[in-house]
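Commentary on secondary and tertiary structure
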Amino acid sequence: ALAARRKDPIALKVWQRVGEVLGVGVVSLIHLLNPDAVYFVGGVAQAGPYFLPYVKKALQAETFRTPFRHAHVASARRPFIGALGAASFSLEGVL
């Protein structure tokens, strides 16, 4: 993400491709699980501005719109939010 911040054309192209490939995966995930939200967390979340537009473009290109109307796709703004989500999920079975 550092090179992309410096507007390195190769880095920007790499993040574009990452977004396109992740977009295909997110489309499949939404078709399969129909989640309300998909968040990218951890280190990759810092690069959200460089790949998220291409992920969202893949969602907009879907012809079967129903599952995509409410799905929210974003990068987490806080570090370690994924760890908090995992801890919360693990406690669901305990409580």
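Reading the values: the criteria
- Residues numbered from 1 in each chain as written.
- Predicted model: local features only at pLDDT ≥ 70, side-chain atom pairs only at ≥ 80, totals over all residues.
- Heavy atoms only, no water.
- Helix = DSSP H or I, 4+ residues; strand = E, 2+ residues; numbered from the N terminus.
- Buried < 20%, exposed > 50% of the residue type's maximum accessible area, 1.4 Å probe, protein only.
- Contact = heavy atoms within 4.5 Å.
- Areas by Shrake-Rupley, 256 points an atom, 1.4 Å probe, with all protein chains shown as cover.
- Lys, Arg positive; Asp, Glu negative; His and termini not counted.
- Charge placed at Lys NZ, Arg CZ, Asp CG, Glu CD.
- Core = buried A, V, L, I, M, F, W, Y, C linked by side-chain atoms within 4.5 Å.
- Pairing = 2+ DSSP bridges.
- Right-handed = clockwise from strand over helix to strand, strands pointing away.
- Phe/Tyr/Trp six-rings, centres within 6.5 Å; stacked < 30°, edge-to-face > 60°.
- Salt bridge = Lys/Arg side-chain N within 4 Å of Asp/Glu carboxyl O.

Tallying secondary structure elements over the protein gives four helices and two strands in all. Going from N to C terminus, the protein has its helices and strands arranged as α-α-β-α-β-α. Each of the 95 residues in the protein was classed as buried or not, and the buried ones make up 28%. Considering only residue pairs separated by 6 or more positions, the protein has 73% of its internal contacts joining residues 24 or more positions apart. Element-wise, carbon and sulfur atoms account for 63% of the exposed surface of the protein, whose accessible area totals about 6700 Å². Charged side chains in the protein number 11 positive and 5 negative. The centres of these two groups are separated by 9 Å.

Here we take up the nonpolar core. Nonpolar side chains in soluble globular proteins generally cluster together in the buried interior. In terms of nonpolar packing, the biggest core is built from 18 residues, with Val26, Ile30, Phe51, Val55, Leu59 and Val73 touching the most fellow members. Sorting the residues of this core by element identifies helix H2 (9-33), strand S1 (37-40) and helix H3 (48-60) as the ones contributing at least two each. Looking at this core, the element that brings in the most residues is H3, giving six residues. If near-sequence neighbours (up to four positions away) are discounted, Phe51 is found in contact with Trp15, Val18, Gly19, Leu22, Phe40, Val44 and Ser75.

With that settled, the discussion passes to the pairing of strand S2 (residues 72-75). Note that S1 and S2 share four bridges and pair parallel. Bridge pairing in S2 places Ala37 opposite His72. Taken together, S1, H3 and S2 constitute a β-α-β crossover, and its handedness is right-handed.

Here we come to the packing of aromatic side chains. Inspection of every chain in the model, using the stated rule, returns two aromatic pairs. With a centroid separation of 5.1 Å and an interplanar angle of 85°, the aromatic rings of Phe40 and Phe51 are classed as edge-to-face. Of the two residues, Phe40 is situated in strand S1 and Phe51 in helix H3; the sequence distance between them amounts to eleven residues. Grouping residues by exposure puts Phe40 and Phe51 together as buried.

Glancing now at the pattern of salt bridges. For the coordinates displayed, the defined rule picks out one salt bridge. For Glu20, the salt bridge identified is with Arg17, shortest N-O distance 3.4 Å. Here Glu20 pairs with Arg17, and both are found in helix H2, just three residues apart, close to one helical turn.

Unlike most non-glycine residues, Lys7 shows phi in positive territory, near 65°. The topology assignment puts Lys7 in the loop between helix H1 (2-5) and H2. With relative accessibility at 59%, the residue Lys7 sits in the exposed group. For Asn34, which is not glycine, the phi dihedral falls at a positive 50°. The topology assignment puts Asn34 in the loop between H2 and S1.

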